[in-house]
Amino acid sequence: MLSLSRFAARGLALRSSRALHAASQPLNSVTEQDLAHFAKILPPSSILSTLPPSSVASEELHLYNSDWMGKYRGTSTTVLKPKTTEQVSEIVKWCNERRIGIVPQGGNTGLVGGSVPVGDEVILSLANMSKVRSFDSVSGILVADAGCILQSLTDYIAPHNHIMPIDLGAKGSCQIGGNVATNAGGLRLLRYGSLHGTVLGLEVVLPDGTILDQLTTLRKDNTGYDLKQLFIGAEGTLGIITGVSILTPPAPQASNNVILALPSFKNVLPLYEIVKRQLSEILSAFEYIDRTSYDLAVKHGQGRALSEEDVEGAECFVLVETSGGKREHDEEKLNNLLEFLLEADEPLINTGVLSQNPAQFSSLWALREGVTEAVSKEGKPYKYDISVPLSSFQDVVDGTREHLKSKGLYGDHAVKYVVGYGHVGDGNLHLNVVANSYTPEIQAALEPYVYEVVASHRGSISAEHGVGAMKTHALKYSKSDVSIAWMKKIKQIFDPRGIMNPGKVLPE
Ligand code: FAD
Ligand code: 2HG
Ligand code: ZN
C-alpha cells in the first residue's frame, strides 16, 4: 500500500516536471497541416487564415489582431470561428497536442490587451456561438452561448420583464463569455453584485479539450468546490467558456436619473452617505465624473451638454440612478433628496439636473458611459482601473498629473489630460492619462508610479478590467507571493502545456 502510493506520488512528480518543461518551451506556429486539420472540424467560412488554402490578406486579420484601443497588436495568422462546443473541443484538443497557443476572443472590447495574441497564437473567436439556449421567465435564469452579445441578451429578455445583471458601455459589442472571463463590473454592480454571485453555471472547454459541463441552473448547490468560480475572471487562461447560465433580475418598474454638479471633490463622500441613506433600496448607481471627463464627453458628442448655468463652478459631477417598483414613490424620494441637498445651509451640490423622459435618461447616462469613447477620440489613453479608498480618488488623479508635470511630460507635446471617473459605489476609480501617442517615456513615468500609489493604499491594480497582457508584471502590487504561487499552481494543473492565452494574467 505504502509503496504503491510512493510510486504514484513519484509518477505525479515526474509528469508535472515534464509538463513544466513543456510549458517553458516556445509554442508552435500554425502550419498548413494544422489548417488542413481545422478544415475537418470547421467549414471554410469559419476559418480565416493567411496560410493556404484560406490565404486571406493579412489586413483581414487586423481587427482580430488589434485591441480596442489600438495599443496591443498580435501577429496571428489564423482565426477560427466554431459554432458548437464540440467544435471548440476538437480545436483545443488538436492545439494542445501540437502545443499551439490559443487566444479566446469575445467582442474584443477588453482594455488590458488580454483578447489579442502576444505572438502568433490561434485566435478562437466565439462570435458564431450566439444562441440563447433557454430562458425561464419565472426564475429569470438565462442560459446562453458564450458568444451572445450583451445587448442582444438584454433585448431578448426585455419582453419578459427581466434585465441583465450587468451593464457596460461596451454592451453593443462585448459578449457574455467575455464579461464572465473578465468578471466585468460595470454600471449595475452596486445594485446586483458581481458575476461571482449572478453566474449560476458555466460550460467550459478545458485546455486538453475536455468539456466541463457545469451549466447548472440551481440557485443553491453546495456539493464541494465551486469550480466555475475559477473561470470567472481567469481571462481565458484556464479554458474557453462556451456556455453561461446567469440569474437575471426582474426589470425595475421605474428608473430615474439625475446629474448632480458639485463645487468640490471633497463633497462626494458626504454626498454619497446622504444619497445612500435617503434613497436606500431604490439607489442603483452612483457614478463619478470629474470636470475634464465631462468636458471631453461633451466635446466628443456623448450625451447632451448641461446648460452653462448648470455646469458653472462645477469641479465634478455625480450621476445617481434609482430603480424601483413604483414611479411616484421613487420620484418623490428623488425630489425630496434634491430639495434636501439644495436647501441645506452649506449645500454639497450646486445644482441637479433630473431626467424627465427616456431620451433625457439615456442622454444623462451617455455623459458618463461615453467618457471611454470620448477619451479615445481625444488621444491615446493609458488606462488604470484601480480600487483605492474613495477619499483618495482626487489625490490619485491630481498626484499623477503633478508627477507627469515634474517629468516634463504634461502639455500638448505629451500628455494632454489626466482624468478620473468611475464607480464610487464600488470604490473603483478609472484613472485615464490621455496622451498624443503611446511613448516609452510616458510609460516609464506612469509605471511603476501608479502601481506604487495603489499599493500604498492597499488597493487593487485592477478593479474590473483584469490583468491581461498589460499588468502581468504588476500583479505583485496587489497579490502576495503566496497568492501568485498558488495561481501558478492552478494554471499548471489546468494547462500544463501553457497553450491557453499565453502571456496573460500571470508573470513569467
Ligand atoms: P474580449 O475583449 O474579447 O476578451 C477579454 C478577455 O476575456 C480576454 O482575455 C479573452 O481572452 C477572454 N475571453 C473572451 N471571451 C472568452 C471566453 N468565451 N472564454 C474564455 N475567455 C474569454 N469593463 C468593465 O468591467 N466595466 C465597464 O464598465 C466597462 N466598460 C467599457 C466600456 C467601453 C466603451 C469599452 C470599450 C470597454 C469597457 N469595459 C468595461 C471593458 C470590456 O468591455 C470588458 O472587459 C468586457 O467584459 C470584455 O468582453 P469581450 O467580449 O469584449 O471580451
Ligand atoms: C467604465 O466604467 C469602463 O466606463 C471603462 O470601465 C473605463 O475606459 C475606462 O477606463
Ligand atoms: Zn468601469
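Values in this document were obtained by computation on a predicted structure and should not be read as measured data.

Quick look at empty space enclosed by the protein
The tally for this structure, following the rule as stated, stands at two cavities of 30 Å³ or more. Empty space within the largest cavity amounts to approximately 50 Å³. Together, Pro165, Ile166, Ala184, Gly185, Arg188, Leu189, Gly193, Ser194, Leu195 and Thr198 line the largest cavity. Broken down by class, the residue content of the lining of the largest cavity amounts to five nonpolar, four polar and one charged. Its volume calculated, the second largest cavity comes out at about 40 Å³. Lining the second largest cavity, in full, are Gly186, Leu187, Arg188, Leu189, Leu190, Phe286, Glu287, His423, Gly425 and Asp426.

So, the environment of valine 353
Its place among the elements puts valine 353 in strand E13 (residues 351-354). For valine 353 and threonine 217, which are 136 residues apart along the polypeptide, the C-alpha to C-alpha distance reads 42 Å. Leaving out residues up to four positions away in the same chain, valine 353 has contacts with Asn257, Val258, Ile259, Leu306, Asp310 and Leu364.

Thoughts on the pairing of strand E3 (residues 102-105)
Taking every second residue as pointing to the same face, both faces of E3 are buried, with Ile102 and Pro104 on one and Val103 and Gln105 on the other. Examined bridge by bridge, E3 and strand E4 (residues 122-125) share four bridges and lie parallel to one another. Bridged to valine 103 within E4 is isoleucine 123.

Quick look at the site of ligand 1
Neighbouring residues of ligand 1: 35 residues in total, closest Pro104, Gly106, Gly107, Thr109 and Gly110. At 2.8 Å, a backbone N or O of asparagine 108 approaches an oxygen atom of ligand 1. The separation between a nitrogen atom of ligand 1 and a polar main-chain atom of glycine 186 is 3.4 Å. Contact with the protein chains covers 97% of the free accessible surface of ligand 1, which is 970 Å². Those elements that place two or more of their residues in the shell around ligand 1 are E3, helix H6 (176-182) and strand E9 (240-247). If one sorts the elements of the shell around ligand 1 by residue count, H6 sits on top with five residues. A per-class count over the shell around ligand 1 returns twelve nonpolar, 21 polar and two charged.

A closer look at the UniProt feature "domain: FAD-binding PCMH-type" (unreviewed entry) in the protein
Feature annotation in UniProt places "domain: FAD-binding PCMH-type" (unreviewed entry) on residues 72-251, given in this structure's numbering. Taken as a whole, residues 72-251 contains 23% helix and 22% strand, while its terminal C-alpha atoms sit 38 Å from one another.

As for the layout of surface pockets
In this structure, the second largest pocket encloses a volume near 780 Å³. Taken together, 35 residues make up the lining of the second largest pocket; nearest its centre are Arg188, Ser255, Glu321, Phe361 and Trp365. Mapped by element, the contributors of at least two residues to the lining of the second largest pocket are helix H5 (150-157), strand E10 (254-262), strand E12 (316-324), helix H13 (327-343) and helix H14 (358-369). The element contributing the most residues to the lining of the second largest pocket is H14, with five residues. Domain assignment of the residues forming the lining of the second largest pocket places at least three in each of domain 2 (132-247) and domain 3 (254-373).

Quick notes on the pattern of salt bridges
Throughout the structure, instances matching the rule amount to 18 salt bridges. A salt bridge links arginine 98 to aspartate 34; the shortest N-O distance between them is 2.6 Å. Of the two residues, arginine 98 sits in helix H4 (residues 85-98) while aspartate 34 sits in helix H2 (residues 32-41), which places them 64 residues apart along the sequence. Its relative accessible area of 24% is what places arginine 98 among the partly exposed residues. For aspartate 34, a relative accessible area of 0% gives the class buried.

Observations regarding the nonpolar core
Leu260, Val268, Leu271, Phe286, Val320 and Tyr384 are the most contacted members of the largest nonpolar core, which has 56 residues in total. Among the nonpolar cores identified, the runner-up in size contains 52 residues, and Leu124, Leu153, Val205 and Leu212 belong to it.

Description of the packing of H2 against H4
The N-to-C vectors of H2 and H4 enclose an angle of 160°; their axes lie 10 Å apart at closest approach. By the angle between their directions, the pair H2 and H4 is classed as roughly antiparallel. Crossing angle aside, the handedness with which H2 passes H4 is right-handed. Along its contact with H2, which presents Asp34, His37, Phe38 and Ile41, the element H4 presents Gln87, Glu90, Ile91, Trp94, Cys95 and Arg98. Considered class by class, the residues forming the contact of H2 with H4 number five nonpolar, two polar and three charged.

Thoughts on the site of ligand 2
Neighbouring ligand 2 are Leu111, Arg368, Thr372, Lys383, Tyr421, His423, His430, Asn432, Glu464 and His465. Asparagine 432 is positioned with one of its side-chain polar atoms (N or O) 3.1 Å from an oxygen atom of ligand 2. Contacts to ligand 2 include glutamate 464, whose side-chain N or O atom sits 2.7 Å from an oxygen atom. For ligand 2, whose accessible area on its own is 290 Å², the fraction buried by protein is 88%. When its residues are assigned to classes, the shell around ligand 2 shows two nonpolar, five polar and three charged.

Here is what the cut-offs are and how they apply
Residues numbered from 1 in each chain as written. Chains lettered and ligands numbered in written order. Predicted model: local features only at pLDDT ≥ 70, side-chain atom pairs only at ≥ 80, totals over all residues. Heavy atoms only, no water. 1 Å grid on protein atoms, 1.4 Å probe; cavity = no way out; pocket = protein on both sides within 12 Å on 5 of 7 lines; lining within 4 Å. Points joined across faces, edges and corners; volume = space filled by probe spheres on them. Nonpolar A, V, L, I, M, F, W, Y, C, P; charged D, E, K, R; others polar. Helix = DSSP H or I, 4+ residues; strand = E, 2+ residues; numbered from the N terminus. Contact = heavy atoms within 4.5 Å. Buried < 20%, exposed > 50% of the residue type's maximum accessible area, 1.4 Å probe, protein only. Pairing = 2+ DSSP bridges. Near = heavy atom within 4 Å. Polar contact = N/O pair within 3.5 Å; in protein donor to acceptor, adjacent residues only side chain to side chain. Areas by Shrake-Rupley, 256 points an atom, 1.4 Å probe, with all protein chains shown as cover. UniProt positions renumbered as here; feature names shortened; annotations may be inferred. Domains from an automatic or database assignment. Salt bridge = Lys/Arg side-chain N within 4 Å of Asp/Glu carboxyl O. Core = buried A, V, L, I, M, F, W, Y, C linked by side-chain atoms within 4.5 Å. Axes fitted to C-alpha atoms, helices over the stretch in contact; angles between N-to-C directions. Parallel < 35°, antiparallel > 145°, perpendicular 65-115°, else oblique. Left-handed = near helix turned anticlockwise from the far one by under 90°.

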